[in-house]
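These are the residues of each chain, in order.
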Amino acid sequence: MRKTFTVFVACLTMLLLVGCSDTSSNENGDSSPTAVTGAPDVSQAAATTDVWTATAEGDLETIKWHLDEGTDVNIRHPQSGGSLLGTAALFEQPEIADFLIKQGANVNAKSNDGATALHAAVFFGHNETTELLINQGADVNARNNKGESPLDITKVDWQTTQFIAGLLQVSV
């Protein structure tokens with residue numbers, strides 16, 4: 001039960017990572033999509049979507065825009081300490097994960113709870129992202145703050161995994 005609670009808390013932290021992120025604002029300080037005028041283009045759409053949401057949703061063009069505008073590929077979320085790569089792993093975005101790694105994302109970056117992108121990918125059974133991370137040098141023996149490796153967290157029962165995935169609206 002304690003391990004289930006630990007995993008639940010870790011997943012809620014990841015939910016905060018995406019749900020509490022800041023939105024960008026336009027030159028008038030308005031962050032609403034209706035504040036953007038003129039013909040739509042990638043930069044206008046990207047300015048209304050934060051990089052965390054773009055990563056979770058697999059919006060490569062918006063992520064590229066944010067990186068071009070100076071966002072660090074290894075930025076840490078202000079609440080969870082999570083990485084963009086961890087978000088891509090959590091929300092099963094292997095193409096985004098691959099892009100971020102090619103841009104220099106740290107495959108072993110840890111969030112505040114010590115979890116890595118590999119912990120998230122393994123926990124939710126995201127095999128393509130798991131394989132990518134391992135092939136790119138992710139530490140399969142990395143330990144979170146509870147001392148759990150990615151393999152250790154696979155021992156949570158399936159019902160718990162499905163429950164947490166439902167809360168986070170993550171496919172498993």
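Caption draft 1: Structural view of helix α4 (residues 60-68). Among the residues of α4, T62, I63, W65, H66 and L67 are the ones counted as buried. Just past α4, the residue G70 takes up positive phi, approximately 110°.

Caption draft 2: Looking closely at the nonpolar core. Counting 31 residues, the largest nonpolar core has I63, L85, A89, L100, I101 and L133 as its most contacted members. Breaking this core down by element, the ones donating at least two residues are α3 (51-57), α4, α5 (84-90), α6 (94-102), α7 (117-123) and α8 (127-135). The dominant element in this core, judged by the number of residues it contributes, is α7, at six residues. For L133, the contacting residues outside a window of four places in its chain are L85, A89, I101, A117, L118, A121 and A138.

Caption draft 3: The arrangement of the packing of α6 against α8 in detail. At their nearest, the axes of α6 and α8 sit 9 Å apart, and the two run at 15° to each other. Comparing the axis directions of α6 and α8 gives the class roughly parallel. Once α6 is placed against α8, the crossing between them reads as right-handed. When α6 is examined against α8, the residues P94, E95, A97, D98 and I101 are found in contact with a partner set consisting of E128, T129, L132 and L133. Tallied by class, residues from the contact of α6 with α8 come to five nonpolar, one polar and three charged.

Caption draft 4: Here's a closer look at unusual backbone geometry. Positive phi outside glycine occurs at E92, with the angle close to 50°. The topology assignment puts E92 in the loop between α5 and α6. Take E92: its relative accessible area is 36%, and that puts it in the partly exposed class.

Caption draft 5: Summary view of the pattern of salt bridges. Within the structure shown, the criterion is met by three salt bridges. Residue R143 is joined to D152 by a salt bridge in which the shortest nitrogen-to-oxygen separation is 2.8 Å. A residue is classified by how much of its surface remains accessible, and D152, at 17% relative accessible area, is buried.

Parameters and conventions
Residues numbered from 1 in each chain as written. Predicted model: local features only at pLDDT ≥ 70, side-chain atom pairs only at ≥ 80, totals over all residues. Heavy atoms only, no water. Buried < 20%, exposed > 50% of the residue type's maximum accessible area, 1.4 Å probe, protein only. Helix = DSSP H or I, 4+ residues; strand = E, 2+ residues; numbered from the N terminus. Core = buried A, V, L, I, M, F, W, Y, C linked by side-chain atoms within 4.5 Å. Contact = heavy atoms within 4.5 Å. Axes fitted to C-alpha atoms, helices over the stretch in contact; angles between N-to-C directions. Parallel < 35°, antiparallel > 145°, perpendicular 65-115°, else oblique. Left-handed = near helix turned anticlockwise from the far one by under 90°. Nonpolar A, V, L, I, M, F, W, Y, C, P; charged D, E, K, R; others polar. Salt bridge = Lys/Arg side-chain N within 4 Å of Asp/Glu carboxyl O.

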